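The chain contents come next:
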Amino acid sequence: QVQLVESGGGLVQAGGSLRLSCAASGVTFTTLTMGWFRQTPGKEREFLAAISWRGGTTSYTDRVKGRFTISRDNAKITVYLQMNSLKPEDTAVYYCAGSRSAGISGPYAYWGQGTQVTVSS
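Remember, predicted model here, so these are calculated numbers, not experimental data.

Here is what the cut-offs are and how they apply
Residues numbered from 1 in each chain as written. Predicted model: local features only at pLDDT ≥ 70, side-chain atom pairs only at ≥ 80, totals over all residues. Heavy atoms only, no water. Salt bridge = Lys/Arg side-chain N within 4 Å of Asp/Glu carboxyl O. Buried < 20%, exposed > 50% of the residue type's maximum accessible area, 1.4 Å probe, protein only. Helix = DSSP H or I, 4+ residues; strand = E, 2+ residues; numbered from the N terminus. Phe/Tyr/Trp six-rings, centres within 6.5 Å; stacked < 30°, edge-to-face > 60°. Lys NZ or Arg CZ within 6 Å of the ring centre and 35° of its normal. Pairing = 2+ DSSP bridges. Axes fitted to C-alpha atoms, helices over the stretch in contact; angles between N-to-C directions. Contact = heavy atoms within 4.5 Å.

S.K.: Any chance you could break down the pattern of salt bridges for me, citing the residues and the numbers?
M.R.: When the charged atoms of two side chains lie near each other, side chains of opposite charge can form a pair. One pass over the full model with this rule turns up five salt bridges. With a closest N to O distance of 3.1 Å, Lys 65 and Asp 62 form a salt bridge. By the burial criterion, Lys 65 is exposed, and Asp 62 matches it. A salt bridge links Asp 90 to Arg 67; its shortest N-O distance comes to 2.8 Å. One end of the pair, Asp 90, is in the loop between strand E8 (78-83) and strand E9 (92-99); the other, Arg 67, is in the loop between strand E6 (58-60) and strand E7 (68-73), with 23 residues separating them in the sequence. The burial state of Asp 90 is the same as that of Arg 67; both residues are buried.

S.K.: Go over the packing of aromatic side chains with me, naming the residues and quoting the values.
M.R.: This model, assessed by the stated rule, comprises four aromatic pairs. For the ring pair Phe 37 and Tyr 108, a centre distance of 5.1 Å and an interplane angle of 80° mean the geometry is edge-to-face. Of the two residues, Phe 37 sits in strand E4 (residues 33-39) while Tyr 108 sits in the loop between E9 and strand E10 (110-111), which places them 71 residues apart along the sequence. For Tyr 108, a relative accessible area of 13% corresponds to the buried category. When the centroid spacing of 4.9 Å and the interplanar angle of 55° are considered together, the rings of Phe 37 and Trp 111 count as tilted. Note that Phe 37 is positioned in strand E4 and Trp 111 in strand E10, a separation of 74 residues in sequence. You can call Trp 111 partly exposed: its relative accessible area is 34%. Each residue in the set Phe 37, Phe 47, Tyr 108 and Trp 111 is aromatic and connected to the rest through ring pairs, giving one cluster. When the ring centre of Tyr 95 is taken as origin, the NZ or CZ atom of Arg 45, which lies over that ring, is 4.1 Å away. For Arg 45, the ring lying beneath its charged end belongs to Trp 111, and the centroid distance is 4.6 Å.

S.K.: Any chance you could break down the sheet that holds strand E1 (residues 3-7) for me, citing the residues and the numbers?
M.R.: Hydrogen bonds between backbone atoms are what pair the strands of a sheet, whose relative direction is either parallel or antiparallel. As summarised here, the arrangement of the four strands in space is E1-E3-E8-E7, forming an open sheet in which the pairing is antiparallel. The open sheet has two edge strands with one neighbour each: E1 and E7. Neighbour to neighbour, the strand axes of the sheet diverge by 15° on average, direction disregarded. As defined by bridge partners, E7 adjoins E8 across six bridges and the pair is classed as antiparallel. Residue pairing for E8: Thr 69 is matched across the bridge by Gln 82.

S.K.: I'd like a description of the environment of Leu 81, backed by residues and values.
M.R.: For Leu 81, the position within the fold is in strand E8. Note on Leu 81: relative accessible area 0%, which makes it buried. A sequence separation of 51 residues divides Leu 81 from Thr 30, and the C-alpha atoms of the two residues are 17 Å apart. When near neighbours in sequence (up to four residues on either side) are disregarded, Leu 81 contacts Leu 18, Arg 19, Leu 20, Trp 36, Leu 48, Ala 49, Phe 68, Thr 69, Ile 70 and Tyr 94.

In short, shape yes, function no, at least from these values alone.
Rendered as structure tokens:
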């Protein structure tokens with residue numbers, strides 16, 4: 001079983017950048033598909049991006065395609081989300097998650113505690 005802890009959130013001006021990190025523990029990390037999600041109060045959790053076990057394939061929602069980049073470093077047991085050209089509507093709590101499925105669509109059984117990202121206009 002794996003534990004996930006996000007960091008790197010904060011306050012940024014519109015057009016700015018942030019890099020989120022997700023530190024993992026557990027020997028099963030390299031077998032997990034990893035994803036990033038975000039959620040605002042009263043709304044559904046939104047899928048953002050996913051990366052396969054070995055990092056060979058990635059997937060993004062159209063809302064962030066071209067602005068966000070997901071990557072993983074299995075040696076450091078860490079997943080990243082580089083966020084560029086941030087917009088006020090990107091404001092949310094961001095979560096990393098892991099799935100035992102080989103497919104990037106999940107299901108995601110492991111979740112971090114979330115990190116707040118706030119983008120000001």
